[in-house]
Amino acid sequence: LEYQLRPIVQEEFQRFGEANSTAFGYVWRPDRSEDAEKVFEFERSLAAIDGDEILSTAGIFSFEMTTPGGALPVAGVTWVGVRPTHRRRGILTAMMRRQLDDVRERGEAVAALWASESVIYGRFGYGMAAQQETFSILRSHSALAHGLPSDGRTRFVDRETAIEQWPAAYERVWAGRPGFMSRNETWWRHHALPERDRRLSDHRGPFYVQYEEAGEVLGYAAYGVQDPETADGQPASRLTVVHLQAATHAANCALWRFIFGVDLVERIDAWWRPLDDALPWMLADPRRLTRRVSDSLWLRPVDVSAMLEARRYSFEGQLTFDVRDNFGDWAEGRYVLEGGADGARCRRTRAEPTFSLEAADLGAIFLGGARLQTLAAAGRVQGDAAALRQADLMFSWSVAPWCPEVF
Ligand SMILES: CC(C)(COP(=O)(O)OP(=O)(O)OC[C@H]1O[C@@H](n2cnc3c(N)ncnc32)[C@H](O)[C@@H]1OP(=O)(O)O)[C@@H](O)C(=O)NCCC(=O)NCCS
């Protein structure tokens, strides 16, 4: 199989988009490609090209991601696809290698992605770092038994106001939650709040609602509505929440109260919620909330020391461990980590390790989302039981990692 692997230039974007759509089984709509192109980083794109034909696609968004108690630059891997005519011949493998070399060269310590299938990326050293829940509840069972009073006001705003005023609330949440990606104005306008939101293509909306106290926006929600009927002609309207962020508990309660108060709605769905969402604890009848768990963010260590120094640890301690990198030399090595509430130092060492794990498993525990003891029980991690317990206490964090947006 002959091809050239290189970034694309702007003139190739339409053909790149077409190749990617073909890989995903979509039809490329050139008239709707403007948003995608606006946030696209051409110099970080990658395509396998054979003559005139684009065989595969990949890209990277340059993000800053929050960690427990900190933040670091990460490479947000995206646009991954290989034409169905050219699959299982190593093109993805070649793109993954090239990307990781580029990520290392840029000095980013971690690569991050959302996977279309969870079977794909483990072999390349990506581990499941965060999970999410999809909520679904009938409005007739959505009574709240708990919640703080809120003396602010909830009001509808237009898209321009949302683009202007929501970032401040997002940034307040951002700092307190591992797994959030930074958003610049272009991102807000063309990815988070696009004029035509593909996630809601079969809905009316999006509608933008914000919660304010004394003129300050403390939270917001965006949702769409659709009106299917049941087979026997009963209304079955559905409200789908695609954004809901609150900088304070009162704002969170106010926004859910608002959502559950929208008339003519039969069922409410909310996507991309964290595992420790407050909502189940607010409901009078929490079992009525259907909660579907799935993986969200996957992380791939590229520079282990820099990555582990970019977070804080819940307990003071020192760990010595081996990282195996089955896909290359990016993460391979023996490390000693001294971490605590104020930060960490991580260096290569020759000392005896007390446990060993693969790059993917280090990605999985990095934000406090997975435990080493669980991974040991799964046969993925080997080591001294006391050392694994200590490592779990150090890596654990007071809030669950949350990546509230697919990229
Ligand atoms: C996923 C995809 C990019 C894989 O590309 P590819 O060029 O066929 O992958 P490779 O040939 O490099 O495969 C490497 C290995 O991964 C395995 N693999 C790749 N994709 C797989 C999948 N979807 N399911 C199971 N195994 C898969 C291959 O069998 C191969 O295994 P081997 O080394 O043991 O032979 C391609 O199938 C695709 O475009 N799928 C649809 C779009 C999509 O899901 N993109 C991912 C977005 S996150």
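Residues numbered from 1 in each chain as written. Predicted model: local features only at pLDDT ≥ 70, side-chain atom pairs only at ≥ 80, totals over all residues. Heavy atoms only, no water.

### What to know about the overall build of the chain
And step 1. A tally of regular secondary structure across the chain gives 11 helices and 19 strands.
And step 2. Here the C-alpha radius of gyration of the chain, 22 Å, is about what a compact globule of 407 residues would show, namely 22 Å.
And step 3. Across its three principal axes, the chain shows a C-alpha extent of roughly 65 × 55 × 45 Å.
And step 4. Scored against the burial criterion, the 407 residues of the chain give a buried share of 52%.
And step 5. Contacts in the chain between residues far apart in sequence, at least 24 positions, make up 73% of those at least 6 positions apart.
And step 6. On the chain, roughly 18800 Å² of surface is accessible, and the fraction owed to carbon and sulfur atoms is 47%.
And step 7. Distance between charge centres in the chain, computed from 47 positive and 57 negative side chains, equals 3 Å. (Helix = DSSP H or I, 4+ residues; strand = E, 2+ residues; numbered from the N terminus. Rg over C-alpha atoms; globule rule 2.2 N^0.38 Å. Buried < 20%, exposed > 50% of the residue type's maximum accessible area, 1.4 Å probe, protein only. Contact = heavy atoms within 4.5 Å. Areas by Shrake-Rupley, 256 points an atom, 1.4 Å probe, with all protein chains shown as cover. Lys, Arg positive; Asp, Glu negative; His and termini not counted. Charge placed at Lys NZ, Arg CZ, Asp CG, Glu CD.)

### Regarding the packing of aromatic side chains
And step 1. Counting across every chain of the model gives 32 aromatic pairs.
And step 2. Ring plane angle 75 degrees and centroid distance 5.7 Å describe the contact between Phe156 and Phe258, whose orientation is recorded as edge-to-face. Of this pair, Phe156 sits in strand S8 (residues 153-157) while Phe258 is found in helix H6 (residues 249-260), placing the two residues 102 residues apart along the sequence.
And step 3. Between Tyr223 and Phe258, the ring centres sit 6.3 Å apart and the planes meet at 50 degrees, which makes this aromatic pair tilted. Here Tyr223, found in strand S10 (residues 216-226), pairs with Phe258, found in helix H6; they are 35 residues apart in sequence, far enough to count as distant.
And step 4. Note on Tyr223: relative accessible area 4%, which makes it buried.
And step 5. Here the aromatic residues Trp166, Tyr170, Phe180, Trp188, Tyr208, Tyr220 and Trp402 are joined through ring pairs into a cluster of three or more.
And step 6. Here the basic side chain of Arg97 rests over the ring of Phe327, its NZ or CZ set 4.1 Å away from the ring centre. (Phe/Tyr/Trp six-rings, centres within 6.5 Å; stacked < 30°, edge-to-face > 60°. Lys NZ or Arg CZ within 6 Å of the ring centre and 35° of its normal.)

### A few points about helix H5 (residues 185-192)
And step 1. Turning to H5, its buried residues are Trp187, Trp188, His190 and Ala192.
And step 2. Looking at the buried side of H5, the elements it contacts are helix H2 (34-39), strand S3 (53-67), helix H4 (159-174), S10 and strand S11 (238-246).

### Some remarks on the site of the ligand
And step 1. The environment of the ligand is formed by 20 residues, the closest being Val82, Arg88, Gly90, Thr93 and Ser116.
And step 2. Between the ligand and Val80 there is a distance of 2.9 Å, counted from a nitrogen atom to a backbone nitrogen or oxygen.
And step 3. At 3.0 Å, a side-chain N or O of Arg123 approaches an oxygen atom of the ligand.
And step 4. Isolated, the ligand exposes 900 Å² of accessible area, and the fraction of that covered by the protein chains is 74%.
And step 5. Broken down by secondary-structure element, the contributors of at least two residues to the shell around the ligand are helix H1 (13-24), strand S4 (70-82) and helix H3 (91-106).
And step 6. Taken together, the residues that form the shell around the ligand break down as 11 nonpolar, 4 polar and 5 charged. (Near = heavy atom within 4 Å. Polar contact = N/O pair within 3.5 Å; in protein donor to acceptor, adjacent residues only side chain to side chain. Nonpolar A, V, L, I, M, F, W, Y, C, P; charged D, E, K, R; others polar.)

### Looking at the side chain of Asn20
And step 1. Mapped onto the secondary structure, Asn20 falls in helix H1.
And step 2. When sequence neighbours within four positions are dropped, the list of residues in contact with Asn20 reads Thr57, Trp79, Val80 and Gly81.

### A look at the side chain of Thr240
And step 1. Secondary-structure assignment places Thr240 in strand S11.
And step 2. One polar contact links Thr240 to His203, side chain to side chain, over a distance of 2.7 Å.

### Overview of the sheet that holds strand S7 (residues 131-138)
And step 1. The sheet built from 7 strands is open, its strands ordered S8-S9-S10-S11-S12-S7-S13 with mixed pairing. The open sheet has two edge strands with one neighbour each: S8 and strand S13 (290-295). Mean inter-strand twist for the sheet, computed between neighbouring axes without regard to direction, equals 25 degrees.
And step 2. When S11 meets strand S12 (residues 267-273), the two strands line up parallel, connected through 4 bridges. If you follow Val241 over to S12, its bridge partner there is Ala270.
And step 3. Relative to S10, H4 is tilted by about 120 degrees, and along the sheet it contacts S8, strand S9 (204-213), S10 and S11. (Pairing = 2+ DSSP bridges. Axes fitted to C-alpha atoms, helices over the stretch in contact; angles between N-to-C directions.)

### Comments concerning the nonpolar core
And step 1. If you look at the biggest cluster of nonpolar residues, it comprises 77 residues, and the most contacted ones within it are Trp166, Leu297, Leu308, Leu337 and Phe407.
And step 2. Residue contributions to this core peak at 7 residues, all from H4.
And step 3. One finds Phe135, Tyr223, Leu255 and Leu279 within the second-largest nonpolar core, a separate group that totals 27 residues. (Core = buried A, V, L, I, M, F, W, Y, C linked by side-chain atoms within 4.5 Å.)

### Brief notes about the pairing of strand S16 (residues 333-340)
And step 1. For S16, the tally of buried residues reaches 6 of 8 residues, placing the bulk of the element in the interior.
And step 2. Of the strand pairs in this sheet, strand S15 (residues 317-324) and S16 are connected by 7 bridges, and their pairing is antiparallel. Note on S16: the bridge partner recorded for Phe321 is Tyr335.
And step 3. In this structure, the hairpin formed by S16 and strand S17 (residues 343-348) is closed by a connection of 2 residues.

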